[in-house]
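Coordinates in review
As a plain string of letters, each chain reads:
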Amino acid sequence: NAGVTQTPKFQVLKTGQSMTLQCAQDMNHEYMSWYRQDPGMGLRLIHYSVGAGITDQGEVPNGYNVSRSTTEDFPLRLLSAAPSQTSVYFCASSHNTPDPRGSGELFFGEGSRLTVL
Amino acid sequence: ELKVEQNPLFLSMQEGKNYTIYCNYSTTSDRLYWYRQDPGKSLESLFVLLSNGAVKQEGRLMASLDTKARLSTLHITAAVHDLSATYFCAVDPMEYGNKLVFGAGTILRVKS
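Now for a quick tour of the structure. Note on numbering: residues in each chain are counted from 1, in written sequence order. Chain labels run from A onward and ligand labels from 1 onward, assigned in the order the entries are written. Side-chain atom pairs in this predicted model are given and counted only at pLDDT of 80 or more, local residue features only at pLDDT of at least 70, and totals for whole chains, interfaces and linings cover all residues. For the side-chain quantities, the full set of heavy atoms in the structure was used; hydrogens and water were omitted.

Another aspect to go through is the overall build of chain B. When helices and strands are counted, chain B shows zero helices and 11 strands. In this text, helices come from DSSP runs of H or I with a minimum length of four residues, and strands from runs of E with a minimum of two, each type numbered from the N-terminal end. Mapped from its N terminus to its C terminus, chain B presents α and β elements in the order β-β-β-β-β-β-β-β-β-β-β. The C-alpha radius of gyration computed for chain B amounts to 13 Å, which stays within 12% of the reference 13 Å derived for 112 residues, consistent with globular compactness. A principal-axis box enclosing the C-alpha atoms of chain B has dimensions of 45 × 30 × 20 Å. Across the 112 residues of chain B, 48% fall into the buried class. Sequence-distant contacts in chain B: of pairs separated by 6 or more residues, those separated by 24 or more amount to 54%. We get accessible surface area from the Shrake-Rupley algorithm with a probe of 1.4 Å; when it comes to residues, only the shown protein chains can shield them. Summing over all exposed atoms, chain B offers an accessible surface of approximately 5400 Å²; the carbon and sulfur share of this is 50%. This radius of gyration counts C-alpha atoms alone. The globule rule is 2.2 Å times how many residues there are, raised to the power 0.38. With a 1.4 Å probe rolled over the protein chains alone, any residue whose accessible area is under 20% of its type maximum counts as buried; one over 50% counts as exposed, and the rest are partly exposed. The contact criterion used is simple: two residues touch if any of their non-hydrogen atoms lie within 4.5 Å.

Below, the structure written as structure tokens:
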């Protein structure tokens, strides 16, 4: 049981480049999400998904794209990287709430540190 | 829109002392979570509080939830250096899914 797996752990991009951050979970969670973490701002929700084929925007979605073709995978795409997207990105999953199977506790991946030059 | 405020944002304390971190939120919810993050690491779940009056304790940490006051506290008893970390509270906005809204985090430094 690996939990939530993110790749890559580190990435450096040039402005205008595109890339995909990968996220996979093996806990059969319906809910998956992407957050970005910036100093002094906590974690802010980028996009989320309540199940395969369903995605929606969070608080800071601009410049990012997601898809959810399977329950296990939830990749985050940066379409044209900008320096403002330099951040640490966390993928997280849980059962949807309310749900008797779980407490709604989010399980986090190890994070992906992205630098855009 | 749900807002979550933590205070203090930075806390430097001596070993052996007690202190409390506060988490206020702006709209009705009865699901609140506390996480710990060590530098360069992921977030680790500490406490899950799912009803008014809920109290959870683990070692030197105790968390409580008052949904009427929209307030949670994380109390540290007799701090030790190993508790140095960043602590986040997160609140469920009670919409379908689990779109937790996080506070800015409290950086705790325990000095020996």
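As a further point, take the layout of surface pockets. Over the atoms, a rolling probe the size of a water molecule traces out where space has been left empty. Here a cavity denotes grid points, spaced 1 Å and computed from the protein atoms alone, that fit a 1.4 Å probe unable to get out, and a pocket denotes an open set having protein on both sides within 12 Å along at least 5 of 7 lines; residues with an atom within 4 Å of a point are the lining. Grid points are joined across faces, edges and corners, and a volume is the space filled by probe spheres set on the points. Space inside the largest pocket adds up to approximately 630 Å³. Lining the largest pocket are 30 residues; nearest its centre among them are Gln 37, Val 88 and Arg 113 of chain A together with Gln 37 and Gly 40 of chain B. Residue assignment for the lining of the largest pocket shows that the elements contributing at least two residues are strand S9 (87-94) and strand S11 (112-116) of chain A together with strand S9 (85-91) and strand S11 (106-111) of chain B. Grouping the amino acids of the lining of the largest pocket by side-chain chemistry returns 11 nonpolar, 12 polar and seven charged. For the second largest pocket, the calculated volume is near 530 Å³. Along the walls of the second largest pocket sit 24 residues, with Glu 59 of chain A together with Glu 1, Leu 2, Val 101 and Phe 102 of chain B positioned nearest its centre. Of all the secondary-structure elements, those providing two or more residues to the lining of the second largest pocket are strand S5 (43-51) of chain A together with strand S10 (101-102) of chain B. If one sorts the elements of the lining of the second largest pocket by residue count, S5 of chain A sits on top with four residues. Amino acids outside the nonpolar list (Ala, Val, Leu, Ile, Met, Phe, Trp, Tyr, Cys, Pro) and the charged list (Asp, Glu, Lys, Arg) are all regarded as polar, and Gly is one of them. Tallied by class, residues from the lining of the second largest pocket come to 12 nonpolar, six polar and six charged.

We now examine the sheet that holds strand S3 (residues 19-25) of chain B. All names here are of chain B. When DSSP finds at least two bridges between two strands, those strands are taken to pair. The five strands are arranged S1-S3-S8-S7-S6 in an open sheet whose pairing can be described as antiparallel. Only two strands of the sheet have a single partner each, and these edge strands are strand S1 (4-7) and strand S6 (55-58). Sheet twist, expressed as the mean angle between neighbouring strand axes with direction ignored, is 15°. Where helices are involved, their axes are fitted lines through C-alpha atoms of the stretch in contact, as for all axes, and angles between N-to-C directions lie from 0 to 180°.

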